[in-house]
Amino acid sequence: MNIEVLFSFALATSALAISPGPDNIYVLVQSISNGKSYGLATVCGLITGCIIHTTLLAFGVSAIIKANENIFLAIKIFGAIYLLYLAFMVYKSDSEVDLEANGAPKKSLKALFVQGFFMNVLNPKVTIFFLAFFPGFLFSDSLGTVIQFYILGGIFMLVSFVIFSTIALLASEIKTYTLSHKNSGKVFKWLQIVVFVGIAIFILI
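Overview of the structure. Everything numeric in this text was worked out from a predicted model, so none of it was measured.

1. Things to note about the packing of aromatic side chains
Where two aromatic rings form a pair, the distance of their centres and the angle of their planes describe that pair.
Alright, step 1. Counted according to the given criterion, the structure contains 17 aromatic pairs.
Alright, step 2. With a centroid separation of 4.9 Å and an interplanar angle of 20°, the aromatic rings of F9 and F133 are classed as stacked. Here F133 lies in helix 6 (residues 124-133) and F9 lies in helix 1 (residues 3-18), a separation of 124 residues in the sequence.
Alright, step 3. Linked through ring pairs, F9, F129, F130, F133, F134, F137, F156, F196 and F202 together constitute an aromatic cluster.
Alright, step 4. The cationic tip of K189 hangs over the ring face of Y91; the distance from NZ or CZ to the ring centre is 5.9 Å.

Set out below in structure tokens:
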């Protein structure tokens, strides 16, 4: 078992979870507009949805590995290219972080959990991202690939849960900091770019 690979995976996941994206921005907005418990309900829904993506990835890619390792190599190359594409899209995007609720109606905790779950499960970009991200971090020659994918999925969910929950609990402080530091959006933007490119290089080498 290669602990360094697991540590690298956890570090990359942390950087991605901290960087502003649709999910953590949605958590932040819910916490600001409705309260911390509503942000946490959204977090729980989003993280629970990751179980579905992990399961699809674990059994689907594991079957591919058993069938043909050349196809698995092609998947890793595709993953690196996709991550470079994401880095390019972030580079082209606006660095401003929008924290406005836009008059969205307040929902119950259960409704926000369910919405967070389906936001994650029904988003094909999450499936593609998992496919691009996880295979390059398989860490053992002895453990089955299904188990390894579930371990990676567990680390991904745990790290994301901790960081997203922290965002929900510190929502008002984060909003104040973001509004008072106009360059914070640019810092997070370049953090995303560096992380995406770094992961892509890691997968290729």
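Still more to cover.
2. Details of the layout of surface pockets
Alright, step 1. Taken as a whole, the largest pocket spans an internal volume of roughly 1100 Å³.
Alright, step 2. As for the largest pocket, its lining consists of 39 residues, and the residues nearest its centre are P20, G21, P22, Q192 and F196.
Alright, step 3. When contributions to the lining of the largest pocket are tallied by element, the ones reaching two or more residues are helix 1, helix 2 (22-34), helix 3 (36-67), helix 4 (69-92), helix 5 (109-121), helix 6, helix 7 (145-169) and helix 9 (184-204).
Alright, step 4. The residue makeup of the lining of the largest pocket, split by class, is 22 nonpolar, 11 polar and six charged.

3. Some remarks on the environment of V5
Alright, step 1. Summarising the element assignment, V5 is placed in helix 1.
Alright, step 2. Given a relative accessible area of 12%, V5 falls into the buried group.
Alright, step 3. The spatial distance from the C-alpha of V5 to the C-alpha of F202 is 9.9 Å, given a sequence separation of 197 residues.
Alright, step 4. Residue contacts for V5: discarding those within four places in its chain leaves F137, L138, F139 and F202.

4. Describing the nonpolar core
Alright, step 1. In this structure, L83, F129, F133, F134 and I199 are the most contacted members of the largest nonpolar core, which totals 48 residues.
Alright, step 2. At the level of secondary structure, the elements contributing two or more residues to this core comprise helix 1, helix 2, helix 3, helix 4, helix 6, helix 7 and helix 9.
Alright, step 3. Looking at which element gives the most residues to this core, the answer is helix 7, with nine residues.
Alright, step 4. Setting aside chain neighbours within four positions, we find F134 in contact with F9, T54, L57, F149, L152, G153 and F156.

Cut-off values and rules
The written sequence of each chain sets the order in which its residues are numbered from 1. The predicted origin of the model limits local features to residues at a pLDDT of at least 70 and limits the giving and counting of side-chain atom pairs to 80 or more, whereas totals for whole chains, interfaces and linings rest on all residues. Side-chain measures here rest on the full set of heavy atoms in the structure, leaving out hydrogens and waters. In this scheme Phe, Tyr and Trp rings, the latter by its six-membered ring, pair at centre separations within 6.5 Å, and the angle between planes marks the pair as stacked below 30 degrees, edge-to-face above 60, and tilted otherwise. Secondary structure counts use DSSP, requiring at least four H or I residues in a row for a helix and at least two E residues in a row for a strand, with both numbered from the N terminus. Consider the ring centre and the ring normal. A charge sits over the ring if Lys NZ or Arg CZ is within 6 Å of that centre and within 35 degrees of that normal. The rule is simple: put a 1 Å grid over the protein atoms alone, call a set of points where a 1.4 Å probe fits but cannot get out a cavity, call an open set with protein on both sides within 12 Å along at least five of seven lines a pocket, and count a residue as lining if it has an atom within 4 Å of a point. Grid points are joined across faces, edges and corners, and a volume is the space filled by probe spheres set on the points. Gly falls in the polar group here, along with every residue not listed as nonpolar (Ala, Val, Leu, Ile, Met, Phe, Trp, Tyr, Cys, Pro) or charged (Asp, Glu, Lys, Arg). For every residue, the accessible area obtained with a 1.4 Å probe (protein chains only) is divided by the maximum for its type, and the residue is called buried under 20%, exposed over 50%, and partly exposed between those limits. Contacts: residue pairs with any heavy atoms within 4.5 Å of one another. As used here, the term nonpolar core means buried Ala, Val, Leu, Ile, Met, Phe, Trp, Tyr and Cys residues forming a set that is joined through side-chain atoms within 4.5 Å.

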